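Coordinates in review
One-letter residues, chain by chain:
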Amino acid sequence: AEYMGERFVTPKMVLLHVKKSDKQEFLFECSVNDEVDEITKQVCTIHNLRMKMERLVGAAAELADYGPIKPEDQRGISDEEQIRLQEAGQTIAPPVIPEGFRYNPDPHSFRTGVAVRQDIADVLKRTAAEGDAVISIQQVAHKVSLTDRMIQECIDNIRGAVNIAYPAYHGLPEYEPVVEILEDREMLDNKAAALDILDAEGCSLWFSGKEMLRTGGKKMSDYVGRNDKTKVVVRLQKRGAGPPVREPAIDEATQRNMMAFYHKKNEEAKKLAEDDEDSYLNSSWANPKALKNSLIGGGRDVSWKPR
């Protein structure tokens, strides 16, 4: 908000509901006067930071629970297998538990199992969970917009928590995923995560089945109009990939409710079809003598025998 004299004025913003896939979406605020090229770069930056945060949250939680990652040639080898290899003459050093650490074996045998104390681990996991909440898809339902500063602040908080557990990364190998992510030296060329990373110069936004051109000084108002109180859904994807899949006419929750309603109606129709067509004749309201009986004798059977 900007201070204008004696009152605060909140600038009017266009709310972009950015979608990369059904599980990758967030809200972003901009102005109708902003250029499409600049907005596309900012949206791409936030998307890449969200992907970075997802990887960092998972790696930090594993580090807190199971300690540093093993060397590549020892990953997947359990403690029992290590003992058998030692008996066979192959030298694999057993894990050493320093003072102030605890042993918690990794069920997948990818990490050493030498983890920090539980209280420090809780700090690291809680900080990671806070970062995960910031980039959660639930933020869309809560109408919380994302900025690159918000995500970067969460990354810095996790960096601080890691430094509490491992001061200056002491005790962590250079191939530890958490360190690689924090120092921006990940090698994602052969990983599935590389597919989610977008080049800021090689992506585009799509709105209403049309690509929002980044050339010619195009502004947001050229596509969404001049109303600053607009909310639109845009698709983020690589340039040249063609038009994205159209948005469904109804959302997933509404579709589930409709399917449940029609299923219930079908079940009721099946039960009615299975019923005997003459079963209603056994009902009191279907008795053709019901009116007569109700008028004579108050509905009781009439007896002509003398009392």
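Anything mentioned here points back to the structure above.
Residues numbered from 1 in each chain as written. Predicted model: local features only at pLDDT ≥ 70, side-chain atom pairs only at ≥ 80, totals over all residues. Heavy atoms only, no water.

Within the secondary structure, H17 is located in strand 3 (residues 14–21). In contact with H17, not counting residues within four places along its chain, are E25, F26, L27, V140, K231, V232, V233 and V234. (Helix = DSSP H or I, 4+ residues; strand = E, 2+ residues; numbered from the N terminus. Contact = heavy atoms within 4.5 Å.)

So, about the sheet that holds strand 4 (residues 24–30). The strand order across the open sheet formed by 5 strands is 4-3-9-7-8, and the pairing between neighbours is mixed. The open sheet has two edge strands with one neighbour each: strand 4 and strand 8 (210–212). Neighbouring strand axes in the sheet, compared pairwise and without regard to direction, differ in orientation by 35° on average. Bridge count between strand 7 (residues 203–207) and strand 8: 3 bridges; the pairing is antiparallel. Bridge pairing in strand 8 links F207 to K210. Here helix 1 (residues 36–66) sits on the sheet and contacts strand 3, strand 4, strand 7, strand 8 and strand 9 (231–238); the angle it forms with strand 4, its principal contact strand, is near 140°. (Pairing = 2+ DSSP bridges. Axes fitted to C-alpha atoms, helices over the stretch in contact; angles between N-to-C directions.)

Right, let's talk about the packing of helix 1 against helix 5 (residues 148–165) for a bit. Following both chains from N to C, one finds helix 1 and helix 5 inclined at 20°, their axes separated by 10 Å at the closest point. Our classification of the angle between helix 1 and helix 5 gives roughly parallel. Of the two possible hands of crossing, helix 1 and helix 5 adopt the one that is left-handed. Residues T45, I46, L49, R50, K52, M53, L56, V57 and A60 of helix 1 lie in contact with helix 5, whose contacting residues are D148, I151, Q152, C154, I155 and I158. (Parallel < 35°, antiparallel > 145°, perpendicular 65-115°, else oblique. Left-handed = near helix turned anticlockwise from the far one by under 90°.)

Glancing now at the pattern of salt bridges. By the definition in use, this model includes 13 salt bridges. E62 is paired through a salt bridge with R111; the nearest N and O atoms lie 3.5 Å apart. Taken as a pair, E62 in helix 1 and R111 in the loop between strand 5 (101–103) and strand 6 (114–116) lie far apart in primary sequence, 49 residues in all. Under the relative-accessibility criterion, E62 is labelled partly exposed at 42%. Classification of R111 by relative accessible area gives buried; the value is 3%. Here D156 makes a salt bridge to R159, at a shortest N to O gap of 2.7 Å. Of the two residues, D156 and R159 are both situated in helix 5; the distance of 3 residues between them amounts to about one turn of the helix. The partly exposed category is assigned to D156, whose relative accessible area is 37%. (Salt bridge = Lys/Arg side-chain N within 4 Å of Asp/Glu carboxyl O. Buried < 20%, exposed > 50% of the residue type's maximum accessible area, 1.4 Å probe, protein only.)

Another point: the packing of aromatic side chains. Applying the stated criterion across every chain yields a total of 2 aromatic pairs. With a centroid separation of 6.1 Å and an interplanar angle of 50°, the aromatic rings of F101 and Y166 are classed as tilted. Residue F101 is found in strand 5, and its partner Y166 is found in the loop between helix 5 and helix 6 (177–182); the two are separated by 65 residues along the sequence. According to the relative accessible area criterion, F101 is partly exposed, its value standing at 29%. Y166 sits in the buried class, given a relative accessible area of 2%. Ring centres of F261 and Y262 lie 5.6 Å apart, and the angle between their planes is 70°; on these two criteria the pair is classed as edge-to-face. The partly exposed category is assigned to F261, whose relative accessible area is 46%. (Phe/Tyr/Trp six-rings, centres within 6.5 Å; stacked < 30°, edge-to-face > 60°.)

In summary, soluble globular proteins display a tendency toward joint burial of nonpolar side chains. Ranked by size, the top nonpolar core spans 52 residues in total, and within it L16 and F28 carry the most contacts. Of all the elements in the fold, those that place two or more residues in this core are strand 3, strand 4, helix 1, helix 3 (118–134), helix 5, helix 6, strand 7 and strand 9. (Core = buried A, V, L, I, M, F, W, Y, C linked by side-chain atoms within 4.5 Å.)

The grouping of I250, M258, F261 and Y262 at the surface amounts to a nonpolar patch, some 380 Å² of accessible area in total. With respect to the secondary-structure elements, I250 resides in the loop between strand 9 and helix 8 (252–274). A relative accessible area of 34% means that I250 is categorised as partly exposed. (Patch = residues over 30% accessible without salt bridge, like charges linked within 9 Å, V, L, I, M, F, W, Y side chains within 5 Å. Areas by Shrake-Rupley, 256 points an atom, 1.4 Å probe, with all protein chains shown as cover.)

Okay, the packing of helix 3 against helix 5 next. Running from N to C, helix 3 and helix 5 cross one another at 170°; their axes reach a closest spacing of 9 Å. As far as their axial angle goes, helix 5 and helix 3 are roughly antiparallel. Contacts between helix 3 and helix 5 involve I120, L124, T127, A128, G131 and V134 from the first element and M150, C154, N157, I158, A161, V162, I164 and A165 from the second. The class makeup of the residues in the contact of helix 3 with helix 5 is 11 nonpolar, 3 polar and no charged. (Nonpolar A, V, L, I, M, F, W, Y, C, P; charged D, E, K, R; others polar.)

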